Amino acid sequence: MAYIVPSSAETLADRELYTRSRLVDVACLSCPVQVKVRKNSDHHTSIQWTQEPGTCETFAELSRQQGGRAVHQACPQLVASIEAAVRDGVVPVGAGVDPVDAETSRTMLNDE
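Residues numbered from 1 in each chain as written. Predicted model: local features only at pLDDT ≥ 70, side-chain atom pairs only at ≥ 80, totals over all residues. Heavy atoms only, no water.

**Q** I keep staring at the overall build of the protein chain and nothing clicks. Help me out?
**A** A tally of helices and strands in the protein chain yields four helices and three strands. In sequence order, the protein chain lays out its α and β elements as α-β-β-β-α-α-α. The buried share of the protein chain, reckoned over its 112 residues, is 25%. Relative to all contacts within the protein chain whose residues are 6 or more apart in sequence, the contacts with residues 24 or more apart total 47%. By element, 53% of the accessible surface of the protein chain is carried by carbon and sulfur atoms, the whole surface being about 7,700 Å². (Helix = DSSP H or I, 4+ residues; strand = E, 2+ residues; numbered from the N terminus. Buried < 20%, exposed > 50% of the residue type's maximum accessible area, 1.4 Å probe, protein only. Contact = heavy atoms within 4.5 Å. Areas by Shrake-Rupley, 256 points an atom, 1.4 Å probe, with all protein chains shown as cover.)

Following this line, the structure appears as structure tokens:
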């Protein structure tokens, strides 16, 4: 079986598809932070920060405490904001990757 190495444009399109497609803007209900969110399932949430996490008031408070904030510690207010967006139907669960979006991403990159 031959292995086909994807072209640079295909690789970039796949990266775009799996890291940015179907992301929905969610604002924290407690501070000015806004993130992009995708829920692949009830248990899997992808979050892309659109600004430095240091602007999160909870992260700032945790960082000031002795020992600082653990790297993988989530902000409970942001988690609650995302859960509210899911409950309200703003963030769909399990929408996955749309093959049409994949083809559009590849076409756009190939045209550049």
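**Q** What exactly am I supposed to notice about the pattern of salt bridges here?
**A** Once their charged atoms are close, side chains differing in charge can pair, the charge on each being opposite to the other. Scanning the entire structure with this criterion turns up two salt bridges. Note that Lys36 and Asp25 form a salt bridge whose closest N and O atoms lie 2.7 Å from each other. With Lys36 in strand 2 (residues 34–41) and Asp25 in strand 1 (residues 24–27), this pair connects stretches of sequence that are 11 residues apart. For Asp25, a relative accessible area of 39% puts it in the partly exposed group. Among the ionic pairs, Glu61 bridges to Arg64, the shortest N-O distance being 2.9 Å. Within this pair, Glu61 and its partner Arg64 are both found in helix 2 (residues 57–64), separated by three residues, close to a single helical turn. On the basis of relative accessibility, which here comes to 40%, the residue Glu61 falls in the partly exposed class. A residue is classified by how much of its surface remains accessible, and Arg64, at 61% relative accessible area, is exposed. (Salt bridge = Lys/Arg side-chain N within 4 Å of Asp/Glu carboxyl O.)

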